[in-house]
Amino acid sequence: MAYFAQQSVNAISLGFLYALIGLGYTMVYGVLTMINFAHGDLFMLGAFVCLLLVTFSPVALPFPVLLVLVMAIIGGLGVLIERLAYRPLRQAPRVSAVITALGCGLVISNVTLSISPYSRAMPEVFDDRYFNVLGVGVSLLQLLIIGVSLALMVGLDVLIYRTRFGMALRAVAFDAKTVPLMGISVNRIISLTFLIGTGLGGAAGMLYGMAFPVISASMGVLVGWKAFIAAVIGGIGNIRGAVLGGFILGTVEIFSVAMLPSTYRDLISYSLLLVILIFKPYGILGRAPNVKV
Amino acid sequence: MESVRRFCVRVAECRWILPLLLVIGMGFCVAAESGGLLNSYTRFVLITMGVNIILCASLNLVNGYLGEFSVGHAGFMALGAYAAAMMTTRLFPQMPALFLPAIFFGGLVAAVIGFLLALLSFKTRGDYLALITLAFLMIVKSALENIPWVGGPRGLAGIPTLSSLPITFGAAIVTLWVIRNLVFSKFGRAVVAIREDEIAANSMGVRTREAKILAFSVSSFFGGVAGALLAHQITFINPGSFDILKSTEILVMVYLGGIGSLAGSVLGAVIFTLLSEVLRDFGTWRMVILPLILVLLMLFRPRGIMGLRELPWFLPRRELTSRRKKP
């Protein structure tokens, strides 16, 4: 029972991380109906930027400052990629944009790989402590991951459903052709979406690096794309679906590793993706688009 | 200038040059193989080029003619490579005569799996189909890593060196010939119609489901054939070598040479093979340059060099005469 409870705690903290990364995929998909394959690699870069900041900063940066800096840098990079690579292709066939995104992701991960061919150890950002709650070990780090993710998600939900920017964003997702007629700058909304979405991915990268302190260039494919599975399971384009999918995937992974050899983990996650795509292609909370002729 | 242009048109429309070139090429391959005319490096590059032509033309069927985006071609390669290698190393070792059936078997295994995948996913299009192929690629890789019988993550070593110049050349010719005949048949028109507008094609009575599934199966068959040839060229395969980067390499070839064009596929594969040999000294930076080329291609020339055009040599005769009549 204690073992089960322990695994549940691990599943929840992994689920939050997947959800946080998945939000970036789903926001971009919601607004541009395009899969941002580079998102996983920006997530990986989040961990590396954190490593660089901790290593080269003259003063020890406290955790909140570090988090904001990482989010700003990765978010800025996301906006830059959108500006240079995705915006010129907005009128092109959708496939071109997907290929470009895949290419951008590979460029980012392989530049990182060429500069840092080996895995790196993440330095400790703060002193970790362990608590014992009813026989279940919970670390301060896990609480922090859950707390920060929860705060970011609630913030995002408020931003999207309660503010004027959020209304504009939902309007662009609903009908990008009519929105400019209402005096809303579509380009600015899309830039802001990329800033927020990839910023959340960067934050997730930093938290992931702290939780599993060996980071490498292949993290984007190994972990980032998993989060993408989470977003698809929940229904891509749907913010709450990404969170739900993150938890489902986190639970499935933690318990499959607990019960089967750990090499089966990827096999199970990707098979889950395949099954969901075949039987419920628009995810649990997603709706099938109406194709008009 | 005008006379040069007219000469080029006459050469391009001449029907006996291509067969002649093929016979000369085959003769050269046989002579080089038996007479040892080429050093082992040149031979290696030429065989790689042939394998790449097969890969590029077969992926072009799905990504170019059908207009879908598959990133799972390396998965079909892996299936073909493992199936053929199992046949030549475990089932019938020391029997080089069975290499051609082994290649066919590799292609068949890939085609059956490709058929099942297409059958299950035919409702999805665009991004979602890309995802399914991505999931398929990851599943093949992890499944192979978890089967100790085929070597697990360490891979399969000791595959006999059976891929020769004439066999690779012949396989490439057969691939191009089959795909060319498919593309200019009734089936091929259905495939192109799906690319242009699936709903319109469907309402005109085109059997879109059959056309898509057949295109996917044929494409995976030749992906498997290429994998089988590659396995018997480099004599060692492991699941890690059939990853997303391998798929990206094939994508670069397709979109460099030109979508929906067989001449483009050959051109893309040849340029890509030479380019990656030139870039060999750059180490991992090579894997930065290749995706970068892909991105720049998408931004500045999304259809590639030959995009949707075809060299008249590859056109069937009736196609050529019908084109000439146009004003």
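Everything quoted here is computed from the prediction, not taken from an experiment.

Reading guide: rules and limits
- By convention here, each chain's residues receive numbers from 1 onward along its written sequence.
- Written order decides the labels, with chains lettered from A and ligands numbered from 1.
- Selection of residues for local features in this predicted model requires a pLDDT of at least 70, selection of side-chain atom pairs for listing and counting requires 80 or more, and totals for whole chains, interfaces and linings are taken over all residues.
- For helices the rule is a DSSP run of H or I covering at least 4 residues; for strands it is a run of E covering at least 2, with both sets numbered from the N terminus onward.
- Computation of the radius of gyration draws on C-alpha atoms, with the globule rule given as 2.2 Å multiplied by the number of residues to the power 0.38.
- Exposure criterion: with C-beta atoms placed from backbone coordinates, a residue whose C-beta has 20 or more other C-beta atoms within 10 Å is buried, one with 12 or fewer is exposed, and one in between is partly exposed.
- Each residue is represented by a C-beta atom placed from its backbone, and any two residues with such atoms within 7 Å are regarded as in contact.
- Under the definition applied here, buried Ala, Val, Leu, Ile, Met, Phe, Trp, Tyr and Cys residues are grouped into a nonpolar core through C-beta atoms within 7 Å.
- The domain boundaries here were taken from an automatic or database domain assignment.
- Per-residue confidence from the predictor is given as pLDDT, running between 0 and 100.
- A fitted line through C-alpha atoms represents every axis, and for helices the fit uses only the stretch in contact; the resulting angles, taken between N-to-C directions, go from 0 to 180 degrees.
- To sort the angles, those under 35 degrees are grouped as roughly parallel, those over 145 as roughly antiparallel, those from 65 to 115 as roughly perpendicular, and the leftovers as oblique.
- Crossings are assigned a handedness: left-handed for a near helix turned anticlockwise from the far helix by less than a right angle, right-handed for a clockwise turn.
- For this classification, the nonpolar set comprises Ala, Val, Leu, Ile, Met, Phe, Trp, Tyr, Cys and Pro, the charged set comprises Asp, Glu, Lys and Arg, and every other residue, Gly included, is treated as polar.
- Paired strands are those between which DSSP finds at least two bridges.
- An expected span of 1.5 Å times one less than the residue number is assigned to each helix.

## So, the overall build of chain B
So, point 1. A count of helices and strands for chain B gives 14 helices and zero strands.
So, point 2. Across chain B, helices and strands are ordered from the amino to the carboxyl terminus as α-α-α-α-α-α-α-α-α-α-α-α-α-α.
So, point 3. Radius of gyration (C-alpha) of chain B: 20 Å, near the 20 Å computed for a compact globule of 327 residues.
So, point 4. Each principal axis of the C-alpha atoms in chain B carries an extent, and together these give about 60 × 50 × 40 Å.
So, point 5. A total of 327 residues make up chain B; the buried ones form 46% of that total.
So, point 6. Partitioning the intrachain contacts of chain B with sequence separation of at least 6 by distance along the chain shows that 82% fall at a separation of at least 24.

## Here's the deal with the overall build of chain A
So, point 1. Scanning chain A for helices and strands turns up 10 helices and four strands.
So, point 2. If you list the helices and strands of chain A from N to C, you get α-α-α-α-β-β-β-α-α-α-β-α-α-α.
So, point 3. Taking 19 Å as the expected radius of gyration for a compact globule of 293 residues, we find that chain A reaches 19 Å, a close match to that expectation.
So, point 4. For chain A, with 293 residues in total, the buried portion stands at 49%.

## Thoughts on the nonpolar core
Across soluble globular proteins, nonpolar side chains show a tendency to be buried alongside one another.
Residue and element names in this part refer to chain B.
So, point 1. By size, the foremost hydrophobic cluster in this structure holds 197 residues, and its most contacted members are Y82 and A135.
So, point 2. Residues from two domains meet in this core; each of domain 1 (62-242) and domain 2 (249-317) gives at least three.
So, point 3. Y82 has contacts with L144, V150, L156 and I237, leaving out every residue within four places of it along the chain.

## Remarks on the confidence of the model for chain B
So, point 1. Averaged over all residues, the pLDDT of chain B equals 88, while 98% of them reach at least 70.
So, point 2. Among the prediction metrics, the complex's ipTM stands at 0.82, with pTM recorded as 0.87.

## Regarding the packing of helix α2 (residues 39-56) of chain A against helix α4 (residues 94-115) of chain A
Residues and elements named next belong to chain A.
So, point 1. In contact at an axis separation of 8 Å, α2 and α4 are set at 30° when each is read in the N-to-C sense. With respect to α4, the element α2 is oriented roughly parallel. The two elements α2 and α4 meet at a crossing, and its hand is left-handed. Residues G40, D41, L42, M44, L45 and F48 of α2 form the contact with α4, whose own contacting residues are G105, I108, S109 and T112.
So, point 2. Residue composition of the contact of α2 with α4, by class: five nonpolar, four polar and one charged.

## Some details on the pairing of strand β2 (residues 130-133) of chain A
Residue and element names in this part refer to chain A.
So, point 1. Pairing analysis gives four bridges linking β2 to strand β3 (residues 136-139), with the strands arranged antiparallel. Across the sheet, the residue bridging to F131 is V138, located in β3.
So, point 2. If you look at the hairpin formed by β2 and β3, you'll find two residues sitting between the two strands, and L134 has a positive phi there, around 55°.

## A look at the domain arrangement of chain B
Residues and elements named next belong to chain B.
So, point 1. Taken as a whole, chain B is organised into domain 1 (62-242) and domain 2 (249-317).
So, point 2. Computed over C-alpha atoms, the centres of domain 1 and domain 2 are 19 Å apart.
So, point 3. Facing the eight residues of domain 1 at the interface are seven residues of domain 2.
So, point 4. Secondary structure elements with two or more residues in the side of domain 1 that touches domain 2: α3 (40-65) and α7 (165-183).
So, point 5. The residue makeup of the side of domain 1 that touches domain 2, split by class, is four nonpolar, three polar and one charged.

## Considerations on the interface of chain B and chain A
So, point 1. In this assembly, 36 residues from chain B lie in contact with 36 residues from chain A.
So, point 2. Of all the secondary-structure elements, those providing two or more residues to the side of chain B that touches chain A are α5 (99-121), α6 (126-145), α11 (244-257) and α13 (286-300) of chain B.
So, point 3. Top contributing element to the side of chain B that touches chain A by residue count: α6 of chain B, with 13 residues.
So, point 4. Considered class by class, the residues forming the side of chain B that touches chain A number 26 nonpolar, seven polar and three charged.

## Digging into the confidence of the model for chain A
Low pLDDT marks stretches whose predicted atomic positions should not be read closely.
So, point 1. On average, chain A scores 85 in pLDDT, and the residues at 70 or more come to 98%.
So, point 2. The lowest-confidence element of chain A is β2 of chain A, averaging 75 in pLDDT; the highest-confidence one is helix α3 (residues 63-86) of chain A, averaging 92.

## Let's talk about the environment of C14 of chain B
So, point 1. Following the sequence through the fold, C14 of chain B ends up in the loop between α1 (2-13) and α2 (17-35).
So, point 2. In this structure C14 of chain B comes out as exposed when scored by C-beta crowding, with 12 C-beta atoms within 10 Å.

## Looking at helix α10 (residues 208-234) of chain B
Residues and elements named next belong to chain B.
So, point 1. Relative to the 39 Å expected for 27 residues at 1.5 Å per residue, α10 spans 39 Å between its end C-alpha atoms, a close match to the ideal helical length.
So, point 2. Across the 27 residues of α10, 19 count as buried, placing the element largely inside the fold.
So, point 3. Once α10 ends, the next one or two residues include T235, with phi positive near 60°.

## Observations concerning the environment of A57 of chain B
All names here are of chain B.
So, point 1. Topologically, A57 is positioned in helix α3.
So, point 2. On a C-alpha basis, the gap between A57 and W16 in space is 23 Å, while along the polypeptide they are 41 residues apart.
So, point 3. Not counting the four nearest positions on each side in its chain, A57 is found in contact with T175, L176, I179, L262 and S265.

## Some details on the packing of helix α5 (residues 140-162) of chain A against helix α6 (residues 164-174) of chain A
Residues and elements named next belong to chain A.
So, point 1. Where α5 meets α6, the closest approach of the two axes is 5 Å, and the angle between their N-to-C directions is 75°. Taken together, the axis directions place α5 and α6 in an arrangement best described as roughly perpendicular. On α6, the residues that touch L159, I160, Y161 and R162 of α5 are F165, G166, L169 and R170.

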